[in-house]
Amino acid sequence: MSAANGSSDADELNITVAVRCRGRNEKEIKAKSAVVVNCPNITGANEVSINTSGDIGITARMNSKTYTVDKVFGPSADQSLLFKEIADPMFYDFIKGYNCTMLVYGMTSTGKTYTMTGDEKLYDGELSEAAGIIPRVLFKLFDTLDVQESDYMVKCSFIELYNEELKDLLDDGQDLGNSNGRKLRIYDSVNNNSNGSSVNSRSSSRSSSPTVNSEAKKRIRAGSLYKPKPRLPSQLSSNGLQNQQQHQHQPQTQNSEPGSAIYIQHLQEFHITDAKEGLRLLQKGLSHRQVAYTKMNDVSSRSHTIFTLTLYKNYNGETFRVSKINLVDLAGSENISRSGAQNQRAKEAGSINQSLLTLGRVINSLADKNTHIPFRESKLTRLLQDSLGGNTKTALIATISPAKINSEETSSTLEYATKAKNIKNKPQLGSFIMKDILVKNISHELAKLKSDFLSTKSKEGIYMSHAHYNEVMNDIENYKTEIQESRREVEKLSSQNHLLLKDKKSSQDTMESQRLQIRNLQSSMDYLYEKIDLKHKNEMELTNMIMKLKDAVRNMQGALKTHEDHEQRLQSDIQKMLYENILEYRTKLERKLTNLKEQALNPTSNVDEEITDVKSSLKTLLENVKKDAITMCEDLAQKVLEDQPKFLSSVTSELNGISSKIDEHTDQLKNGLSQITAENNNLKDYLDTYFFKNNHQDILSTHADKTYHQLKVSSDNLMSKINDIIGEHVEQSRTLLMDTLNTATTEVITQELTHFNPVRKTWEESFNQINVCDSLSNKFKDDTSKSLNSLKSHMDRSVHESSVIADKIKDSICLFEERNDIANMASNINGTVDGFKNKHHILRDELEKHVSFIQDSSEGFKNIDNSLKRIMSSRMPEGKPDNVADALIKHIDSGSIAPVGSSGKTPLRPLLKSETKQRSLSKSVSPIKNINTNLSSISPLKRKSSDSKLLQPTAKKQR
Ligand SMILES: Nc1ncnc2c1ncn2[C@@H]1O[C@H](COP(=O)(O)OP(=O)(O)OP(=O)(O)O)[C@@H](O)[C@H]1O
């Protein structure tokens, strides 16, 4: 076979590019999307402009971008006009013997399928106005061939490229749902021989219907279609078909490797003898095409399709020229997101766009005259290799939408189209095939068919030629093997499936039990949360109690303050009373002394009596003072004793309440924690025993271990956190409580001691003062006693001497009378009188001395009084008046102020029984002693050894 070119090598021809813009569709009208594409409404226009700026009027026109192509068709251009302008010239080239390709390219729903196929149905044997290029080509082909009366043969194939997979749309298996399983493959062939040897040994050429021969015969009879004779080659060998097929895909392009060719293995080609057969095949193929509903097109073509017609046209009787026309409907170049493509649709869109991207790159490379053209990067470009930059005449129709919402894609399509316009092809007429080879090929096929037919007819079954039988048997064997393999695969898969189902079931069981476990854990957690809430409530109660305790401590301080006030009042009362009494007594004493002074001069006066009187009145006064002081102290002590226990018992009960609350709280915490531990152990047991102990334990054990570990860690963390939080809370509560108690108690005691210490010091000092008073009093008593004794002895002596004198006077008088020595007697008397006078003077001096001494004593009393005042002015501790009074009484009772004539320190009178009792009572109710006793008996600290220790060192120190 030789390639007879109808053009020289230099005859380069640009690809014909047309733009077809449809009117706005319903969706675009509904979306009120403006028309942004301007297509001149005249035939022969070659410019199209698009305004993407959003302007209107003249500005829009000025801002719009214009693209120049070969032909532009607006919405008013119908199918016939487009066919006439674009397809017709191409069709005539095809008839002439050129290989031709027509492509429609554009965004989804812009009318690619409408343009290429349109309405393919016949109405009263006629095509409708909406019929697209393919139906029109079919009809025109047979009409033209018939008119030319040349010998010819037409074959047809229809392939689809879907997700980078080639599919024979005319495969009958598609209808039955069981494709013959023979995948279409694109092969390169380096063998360009014409002897028919090819790798495509299984390619077949079939009649589109069993009536083909009879149809042909009919035509021969009619003598109208096939001229000159024979119209149909009677016996064409299959070899010839293979050759043609190989030839069909044997491009001679400037970019292909020399001698390279592609052909599609297993592709079926059907002989067609008229347009209707072609239409039926078209319809059959379309029914197998991948279409789907998308957002933008209700019936969107999801694949690229190539409808090919191959024409074997008699050239000079012995040779036939082979030409083909590829009618390509490309899938939509839509934007994935805009088309709403998801999953399968998105994958489709991905692969569609992948093919289209490669097509774009091929177009660009060709337009830029690159040395490397990436044909091999997609199946689409491999299939179109000869049509782009090859020896084929090619026309590209770019379909666009006029609406603004699609302006982006429209611009992209127009860019694409403009670029494609620069591609130059070198169209060449198709090659020849020798008539005898063609006849041989057809004969071979016919013979095979005939043999099958005859065998069937004679044996009433499915019979065929031995070769065909072998072939079929071979196929059957292959199929059997494949089926067995498939069965084994199915069995394997079903057993795997069974295992998986089992696993799934056990996983579901495990999950169910885990869910149960989790629910249990959840409820335990809820329970614990409740517990924690309860604890929180308890803590709040504790805090409230602590607040109450603080209030109680404050009250206690208040009470102590009141007691202090009482004490101060008592001191001032005692002081006042003592002062008044002592003042009164002093006045009395002074009066007495004056009397005494006067009486002293009077020898008949009874000084003793006076002194005793003074003494007894002093004693009475002191006893009264003592009694009053004791009564006051007792009252105070009584009051304190009455108030303190009540108050302290309320504090104690508060403390007991708090203590029991803490115990309860701790118990609850312990319970909660033990429950958590039990739950944790349950979970642990469960995880150890049951968790993931099924068949795929090995697979899942790592995961289970990990999960268990994580669960354990998180559970432990949770536990430790809860423990920490609770422990912290308890510890804080305890510390707070103990601190508060300690602080409160220590505060109270310290405050008490702070008040008590200076008083104690003063109190201790008062003992010294009392001792001083005592010694002063003793001294006074001794001195008074001495003075009185001396006075008494002087008095005695003077009495004695007076009586002696009187006796002597009597004797003298007697002597005077007896001896009449009156002068001597008178002088004696004068002497005696002088002596008496002297003695009297002495006596008087003595008396004055005593008076001054008594005055000194009065000063001493004053001092005592001042000392007492000083003592009282400082804070007198409880029992001090008692002690002072005791001391005074003791001094008086000790007899240091002895009556005149009494000896030593004999008490003036023995103590009455009631007085002794009173004294012992006063001892027993000593306030300090009592306070200490009461404190030690009622202090809450007494309950704890550590707390009592706390108090001891201070007490010791104080002591
Ligand atoms: N020029 C036109 N005149 C009248 N109707 C048209 C025209 N172009 C397209 N249509 C209509 O628009 C709809 C979508 O067209 P079509 O299916 O051909 O688009 P498409 O580009 O092939 O889309 P897809 O890529 O999704 O397959 C169809 O109903 C078709 O009849």
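- Under an unreviewed UniProt entry, the name given to the chain is Kinesin-like protein, and the organism recorded is Kluyveromyces dobzhanskii CBS 2104.
- Entered under Sequence similarities (unreviewed entry) in the UniProt record, the comment concerning the chain runs "Belongs to the TRAFAC class myosin-kinesin ATPase superfamily. Kinesin family."
- Regarding the chain, the relevant UniProt record gives this comment under Subcellular location (unreviewed entry): "Cytoplasm, Cytoskeleton".

1. Some thoughts on the side chain of D88
And step 1. Assignment of secondary structure puts D88 in helix α3 (residues 79–96).
And step 2. Setting aside residues up to four positions removed in sequence, D88 forms contacts with F83 and K140.

2. A closer look at unusual backbone geometry
And step 1. Of note in the backbone geometry, K32 takes a positive phi value of approximately 50° without being a glycine.
And step 2. The residue K32 is located in the loop between α1 (26–30) and β3 (37–38) in this model.
And step 3. Although it is not a glycine, S109 sits at a positive phi angle of roughly 70°.
And step 4. Note that S109 resides in the loop between β7 (100–106) and α4 (112–116).

3. Things to note about the UniProt feature "coiled-coil region" (unreviewed entry) in the chain
And step 1. This chain's UniProt record puts "coiled-coil region" (unreviewed entry) on residues 469–503 and 549–599.
And step 2. For the annotated span residues 469–503, helix accounts for 100% and strand for 0% of the residues, and the straight-line distance between the end C-alpha atoms is 48 Å.

4. Points about a nonpolar patch on the surface
And step 1. A contiguous nonpolar patch, built from I476, Y479 and I483 and spanning about 240 Å² of accessible area, is present on the exposed surface.
And step 2. Of note, I476 is situated in helix α15 (residues 466–601).

5. With respect to the packing of helix α5 (residues 133–148) against helix α9 (residues 275–288)
And step 1. Closest axis-to-axis distance for the α5/α9 pair is 8 Å, and the angle between their directions is 155°. Taken together, the axes of α5 and α9 lie roughly antiparallel to each other. Both α5 and α9 take part in a crossing whose hand is right-handed. Here I134, P135, L138, F139 and F142 of α5 come into contact with α9, specifically with A275, G278, L279 and L282.
And step 2. A per-class count over the contact of α5 with α9 returns eight nonpolar, one polar and no charged.

6. Focus on the side chain of S365
And step 1. Considering the arrangement of structural elements, one finds S365 in helix α11 (residues 344–367).
And step 2. Ignoring any residue separated from it by four or fewer positions in sequence, one finds S365 in contact with N370, H372, I373 and P374.

7. Focus on α3
And step 1. The terminal C-alpha atoms of α3, which comprises 18 residues, lie 24 Å apart, in line with the 26 Å expected from a rise of 1.5 Å per residue.
And step 2. Approximately 45° is the largest bend angle found in α3, and it occurs at A87, with the proline P89 only one to four residues beyond.
And step 3. Among the residues making up α3, those that are buried are Q79, L82, F83, E85, I86, A87, D88, M90, F91, D93, F94 and I95.
And step 4. The positive-phi residue at the C-terminal boundary of α3 is G97, with phi of around 125°.

8. Describing the pattern of salt bridges
And step 1. Under the defined criterion, the tally for this structure stands at 17 salt bridges.
And step 2. Here E28 and R22 are joined by a salt bridge, their closest N and O atoms 3.0 Å apart. The exposure classification of E28 matches that of R22, with both residues buried.
And step 3. Between K480 and E477 there is a salt bridge, and its shortest N-O distance comes to 3.8 Å. With K480 and E477 both in helix α15, this residue pair falls three residues apart, about one helical turn.
And step 4. Ionic contacts of the salt-bridge type, sharing partners, join the residues D93, K96 and K393 into one network.

Conventions adopted
- Residues numbered from 1 in each chain as written.
- Predicted model: local features only at pLDDT ≥ 70, side-chain atom pairs only at ≥ 80, totals over all residues.
- Heavy atoms only, no water.
- UniProt positions renumbered as here; feature names shortened; annotations may be inferred.
- Helix = DSSP H or I, 4+ residues; strand = E, 2+ residues; numbered from the N terminus.
- Contact = heavy atoms within 4.5 Å.
- Patch = residues over 30% accessible without salt bridge, like charges linked within 9 Å, V, L, I, M, F, W, Y side chains within 5 Å.
- Areas by Shrake-Rupley, 256 points an atom, 1.4 Å probe, with all protein chains shown as cover.
- Salt bridge = Lys/Arg side-chain N within 4 Å of Asp/Glu carboxyl O.
- Axes fitted to C-alpha atoms, helices over the stretch in contact; angles between N-to-C directions.
- Parallel < 35°, antiparallel > 145°, perpendicular 65-115°, else oblique.
- Left-handed = near helix turned anticlockwise from the far one by under 90°.
- Nonpolar A, V, L, I, M, F, W, Y, C, P; charged D, E, K, R; others polar.
- Expected span 1.5 Å × (residues − 1).
- Bend = angle between axes of the 7 residues up to and from the residue.
- Buried < 20%, exposed > 50% of the residue type's maximum accessible area, 1.4 Å probe, protein only.

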